[in-house]
Amino acid sequence: MTYAITQTCCSDATCVAVCPVNCIHPTPEERAFGSTEMLHIDPKTCIACGACADACPVDAIFPVDSLPAAQQEYAAINAAYYEDDAADRRPEPAPGGPNFHTWGEPSFPRVLPADFAPLKVAVVGTGPAGMYAVQDLLLHTGAEVTLIDRLPVAGGLVRYGVAPDHPATKKVGDTFARFHAHPRVRLHLGLDVGTDVTAEELAAHHDAVIYAVGASADRRLAIPGEELPGSVSARAFVAWYNAHPDAAPDGVDLSAERVIVVGNGNVALDVARILLADPDTLARTDIADHALRALRDSKVREVVLLARRGPEDAAYTRSELLALKHLPGVDLVVDDHDPRIAPAVDTAGEKDKAAVLRDVTRARPDWERPPAPGRRIVLRFHCAPVEVLGTDRVDAVRVAAGAGERTIPAGLLLRAIGYRGVPVAGLPFDETDGTVPHEGGRVAGRPGTYVVGWIKRGPTGGIGANRTCAAETVSTLLADAVAGTLPAPRHTPKAFHRLARRRNRQVVDARGLAAIERAEVTRGRGAGRPRVKLATVAELVATARSSRAGLLR
């Protein structure tokens, strides 16, 4: 028996660190790390010890002989990774020793000298990027951390960006949650840096500040009609079905039979899948209550994904496309309108994403007619939107395909062409790529200020990519500390805590966050769900404050 890594792989390499036989690749030391879509287990080297499965934060690793039917393909995917240049990836046994392979020299890049005073570090953002930085600081140093988020609940991308039908991916949040109540962490949720406190005030109370604020805007199509009602960013749609407090419960209209999604990355596949998924299945997830009600009443039967390029250049990952093929009750169709599409699929190599479409139905839909009976997702490659049509709201989208144009009727347009960072108050900002200029995570011209995650590198890479990103930033911060280049704070973190409470009386602490967790899980238990999310700031704050009231009684 051997193990295999499956769809939900987050690529943060936790499994690599615990494998006793070095059978998981690419490792963080290899050039391919960060560029492959997932990690792979070598079936010829694996000793089936299960250490990787125990360590995996997203439950992506299973014994091959117990893979669910929808994931049995991953046994072959893992093995295929080692077919080329396999000898370079399989380690030689350690000579004259008990180890299964030769280990590299120990390295401790993120440590401080033993006599170094504990650093006082503020981290702004509780998503994966910020929490990987917090994890590094707490596990490798004696740092004391002030953890801040503008929302009154922690989680960031894990809570509000991961699709509800991917519960295993959300489990990485359990890894981060253990640090929320850490004795060297002070939690300030619902505190907005730039409104409640300034960046200068935050810096004045800490040795260093790390911004992990993500990319909270979306890219625009820049075509006529884009602002019509019924034209919605995928970012806003994801926030809506994940119960983000900024999303209005009635912000999405699902009364049309056809929806067009512009884009073909993983987010585009997420929204297409949620639009057509069985509501009874979604009712067993943590999807927002208002979204579940809307999806039960939805008229949507067809989702069309528009991609400017061909199937060989698709932005989605192979694993997400494979999952789309197994969506119960939903047909997957490739619109064969362009002569370049069939050859790209038929001649694709077995490891290419386009090859996944080889057994998918090809058709030329009649866009003048309503969607065919049943539910289906249509992949339309080599097709770009040029105008959104409608008077009071979206009625259709005019698209360019090949040398001509045509109109596709639709009542909802979702723009899934990427996220974009927004300026951070008090920090420099590059308008071209939507990031904060930096050197290894150090903000240019701002000693003691650092960035991590999407605001640092742009909106690329999944959850696990933030682990390597955070390691670089924390390494830079610690090197600056040792070099003596961190500005000396004028005030203490305790003084900042008092300042934060004066500026915002509704700040949620670790006890309040625990009360929110208990309340959501309790509500979910009664409904047969993992949790029922509190969807407004008022609900979250009231629930957090109830824990304090309980202590006073």
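The coordinates are above.
Let me begin by describing the structure that accompanies this report. (Residues numbered from 1 in each chain as written. Predicted model: local features only at pLDDT ≥ 70, side-chain atom pairs only at ≥ 80, totals over all residues. Heavy atoms only, no water.)

1. Considerations on the environment of Gly190
Here is the rule we go by: Helix numbers and strand numbers start at the N terminus; a helix is a DSSP run of H or I with at least 4 residues, a strand a run of E with at least 2. For this analysis, residues touch if any pair of their heavy atoms sits within 4.5 Å.
Mapping Gly190 onto the fold places it in the loop between strand E7 (185-189) and helix H9 (199-204). In this structure, the C-alpha to C-alpha distance between Gly190 and Ala277, residues 87 residues apart in sequence, is 33 Å. The contact partners of Gly190, leaving out residues within four places of it in the chain, are Asp149, Arg150, Leu151, Pro152, Asp196 and Asn504.

2. Some details on the side chain of Glu320
The condition that has to hold: In this scheme, a residue with accessible area under 20% of its type's maximum is buried, one over 50% is exposed, and one in between is partly exposed, where area comes from a 1.4 Å probe on protein chains only. Each polar contact in these results corresponds to two N or O atoms within 3.5 Å; when the atoms are within protein, one needs to be able to donate a hydrogen and the other to accept it, and residues that are neighboring in sequence are counted only if both atoms are side-chain atoms.
Along the chain, the position of Glu320 falls in helix H14 (residues 318-325). A relative accessible area of 9% places Glu320 in the buried class. A distance of 3.3 Å separates polar atoms of two side chains, one belonging to Glu320 and the other to Gln7.

3. Some words on the sheet that holds strand E13 (residues 330-335)
Counted only if it meets this: Any two strands between which DSSP finds at least two bridges are classified as paired. In this analysis an axis means a line fitted to C-alpha atoms, helices contributing only their contacting stretch, and an angle means the value between N-to-C directions, from 0 to 180 degrees.
An order of E10-E19-E11-E12-E15-E13-E14 is seen for the seven strands of this open sheet, with the pairing classed as parallel. Two strands close off the open sheet at either side, each with one partner strand: strand E10 (231-233) and strand E14 (361-363). Within this sheet the neighbouring strands show an average axis-to-axis angle of 25°, counted without direction. As paired strands, strand E11 (residues 258-262) and strand E19 (residues 412-415) are joined by four bridges and run parallel to one another. Looking at E19, one finds that Val261 is bridged to Leu414. Packed on one face of the sheet, helix H11 (residues 266-276) meets E11, strand E12 (302-306), E13, strand E15 (375-380) and E19 and runs near 170° to E12.

4. So, the layout of surface pockets
To find leftover empty space, one rolls a probe the size of a water molecule over the atoms. What counts is decided by this rule: Cavities and pockets were defined on a 1 Å grid built from protein atoms only: a cavity is a group of points that admits a 1.4 Å probe but offers it no way out, a pocket is an open group of points flanked by protein on both sides within 12 Å along at least five of seven lines, and a lining residue is one with an atom within 4 Å of any such point. Grid points are joined across faces, edges and corners, and a volume is the space filled by probe spheres set on the points. Side-chain classes follow a simple rule in which Ala, Val, Leu, Ile, Met, Phe, Trp, Tyr, Cys and Pro form the nonpolar group, Asp, Glu, Lys and Arg form the charged group, and the remainder, Gly included, forms the polar group.
Roughly 1,500 Å³ of volume is contained in the largest pocket. In this structure, the largest pocket is lined by 50 residues; those nearest its centre are Asn266, Thr317, Gly461, Gly462 and Ile463. Broken down by secondary-structure element, the contributors of at least two residues to the lining of the largest pocket are helix H10 (234-241), H11, H14 and helix H17 (465-483). Its residues placed into classes, the lining of the largest pocket shows 23 nonpolar, 20 polar and seven charged.

Worth remembering: the numbers are spatial, not functional.
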